[in-house]
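Architecture and fold: a report
Here is what each chain is made of, one letter per residue.
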Amino acid sequence: MNESDCKLTRSWIGSIDLRLIAEQVGTPVFVYSEAQILKNVRRVKDAARAVGLEERVELYVPFFPNSNPHVLRPLRDAGVGILLQLPSEHRLLKRFGFDKFIVSPGHVADEEIAFWDRTGCPTFLSSLDEIAYSLRTKAPSISVRIDSLDSGKPGIKYGELDKLTALLAEHGRELDCFEVYCGSGNSRDAMIDIIEKQFEIFNTHFPTARAINFAGGHGFVYESWDESEKHFDWAEYFRALREIADRMGIPGHVKFLFEPARDVLADTGALLLSVERDVITNSVGSLVVTDGSRMLMPSAQLRDRRHNVVFLDADMAEIPATPGTDGTSAALRGRSILRHDYILPGEYWVPSAVDARSHLLILDVGAYCATQHMEFLNIPPAAEVLVDTAGTAHLVTARGDDLDKWRHLLEEKREVKS
Ligand SMILES: Cc1ncc(COP(=O)(O)O)c(C=O)c1O
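For every chain, the first residue of its written sequence is number 1, and the numbers climb from 1 along that sequence. It should be noted that, the model being predicted, local features are given only for residues of pLDDT at least 70 and side-chain atom pairs only at 80 or more, the latter also being counted only at that level, while totals for whole chains, interfaces and linings use all residues.

Okay, the site of the ligand next. Lining the immediate environment of the ligand, one finds 16 residues, of which Ser 184, Gly 216, Glu 259, Ala 261 and Arg 262 sit closest. Split by residue class, the shell around the ligand holds eight nonpolar, five polar and three charged. For each residue, a C-beta atom is placed from the backbone, and the residue is labelled near a molecule or strand when this atom is within 6 Å of it. Under this grouping Gly is polar, as are all residues other than the nonpolar Ala, Val, Leu, Ile, Met, Phe, Trp, Tyr, Cys and Pro and the charged Asp, Glu, Lys and Arg.

Here is the structure:
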């Protein structure tokens, strides 16, 4: 085997006993690495420390891109908070011992705002109307989400900032914190370019705010195999942040909050699928039939995202692949009848050694993958396994059984009555 054709030596997943996991848990299965999560958090924290920002930078990883409390537990233990959007998430995570939260709920009813006020979690409200409710009910603290893209996303628009300032003044209140989300997958330079705008909002509108929340959106390069290329350049970003904060006179007590999801979570997960048949080639093209389903990866489909993939043989050894030689380009099919049931968009290079006993491993699925799974055409959800820092694998979500789709089905119909 040509070493350079083997990719898994570069990833934590290369040293995991996948054969044991597949035998004991079955496929499809998401496999997560606790060590990789800790490594990703450490990278961000080290970069903050290097420019003297360790006391000012606070991390809150969003729950919706990977909502398994077992997987996120290392974050809790490392002092990283969680960004919530739903009361149910709060309930679940409290049960698992988490207690450091901020909330970005989108647009919600008054009752839900009241719920968050009772919890005391800083909550970033998205419209003047929602803020007016909080002011009327004398909420303990007021925070807002600003839609920097002036798009359809929830958030106060730039043109509304004067009105917001006036509304707060009318009630004699000050803003606790504001969150500015700039969309996903931004390059380091794009993220640096918007820092001045964020500080300008602080200086012009909310100079007494306790904190500025820069949200997420830090780019992650799915196509690269090299970890240093995949991850956002936090070192350079924080250097710029520090320099701009000092130049623009941002007071030293103001905290900087961040909500990275992709950068912290994406490469902590891999999805292991079984190949169900030898490659099918017909007059339309070639197909690899797997036991996965399209809905495991909707965000990849929506964005035409390329993930790194590796084929494994019956013994779970990597089958080296050199695109263009000894193989064929093929689509990766899910197991339903639907025409568009592809695990990932586009075609991938499939070495000729791939057959009905092989496996397919899809990398970088730790964010926005398992949480977007649906009971697509009655196909049950995948299992989740977490590998701890000692290298031991633990089942953290059992696979939906064959009847999972009907787990809430009543044996007898029940009349709806008062
Ligand atoms: C408010 C907010 N914060 C953080 C994130 C995470 O973004 P990313 O995965 O790009 O880091 C999102 C993603 O939608 C978001 O809406």
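What follows deals with the sheet that holds strand 10 (residues 269-274). Either a parallel or an antiparallel arrangement is found when strands of a sheet pair, and the pairing is made through backbone hydrogen bonds. Strand order in the open sheet formed by seven strands is 14-13-17-10-1-18-19, with mixed pairing between adjacent strands. Of all strands in the sheet, those bounded by a partner on one side alone are strand 14 (318-319) and strand 19 (393-397). Only strands joined by at least two bridges in the DSSP assignment are considered to pair. Numbered from the N terminus, helices here are DSSP runs of H or I no shorter than four residues, and strands are runs of E no shorter than two. Where strand 1 (residues 29-33) lies against strand 18 (residues 383-387), five bridges are found, and the strand directions are parallel. Counted as the bridge partner of Phe 30 is Glu 384 from strand 18. Any pair of residues counts as being in contact when their C-beta atoms, constructed from backbone geometry, are within 7 Å of one another. Every axis corresponds to a line fitted to the C-alpha atoms, with the helix fit spanning only the stretch in contact, and the corresponding angles, defined between N-to-C directions, vary from 0 to 180 degrees. Helix 2 (residues 34-50) contacts strand 1 and strand 18 of the sheet and is inclined by roughly 50° relative to strand 1.

This part takes up the environment of Ser 67. Along the polypeptide, Ser 67 turns up in the loop between strand 2 (57-62) and helix 3 (69-77). Burial is judged by counting the other C-beta atoms within 10 Å of a residue's own C-beta: 20 or more makes it buried, 12 or fewer makes it exposed, and any count in between marks it as partly exposed, with every C-beta position built from the backbone. Since 16 C-beta atoms lie within 10 Å of it, Ser 67 is described here as partly exposed. In the structure, Ser 67 is positioned 115 residues away from Cys 182 in sequence and 22 Å away in space, judged by C-alpha atoms.

Take the domain arrangement of the chain next. What counts as a domain boundary in this text is fixed by an automatic or database domain assignment. If you check the domain split of the chain, you get domain 1 (3-31 + 267-406) and domain 2 (34-263). One C-alpha centre belongs to domain 1, the other to domain 2, and the line joining them spans 33 Å. Listed per partner, the contact involves 22 residues of domain 1 and 18 residues of domain 2. In terms of residues, the side of domain 1 that touches domain 2 owes the most to one element, strand 18, which gives three residues.

In spatial order, the strands read 4-3-2-9-8-7-6-5; together these eight strands make up an open sheet with parallel pairing. Two strands bound the open sheet, and with one partner strand each, they are strand 4 (101-103) and strand 5 (124-125). Pairing of strand 2 with strand 9 (residues 255-258) involves three bridges; the strand directions are parallel. By the bridge assignment, Leu 59 is partnered in strand 9 with Phe 258.

With that settled, consider helix 9 (residues 195-205). Along helix 9, the residues that are buried comprise Ile 195, Gln 198 and Phe 202. One side of helix 9 carries all its buried residues, which in axial view fall inside an arc of 75°. Residues of helix 9 that are exposed and point more than 90 degrees away from the buried face comprise Lys 197, Glu 200, Asn 203 and Thr 204. Buried residues in helix 9 make contact with strand 7 (177-181), helix 8 (188-193), strand 8 (211-213) and helix 11 (234-247). The directions considered for the arc run from the helix axis to the C-beta atoms.

Every buried residue belonging to helix 1 (residues 18-25) is among Leu 18, Ile 21 and Val 25, and all of these are buried. End-on view of helix 1: buried residues confined to an arc of 65°, all on one side of the axis. The outward face of helix 1, more than 90 degrees from its buried face, is lined by the exposed residues Leu 20 and Glu 23. Residues of helix 1 that are buried make contact with strand 1, strand 10, strand 13 (309-312), strand 18 and strand 19. Gly 26 occupies a position one or two residues after helix 1 and carries a positive phi of about 85°.

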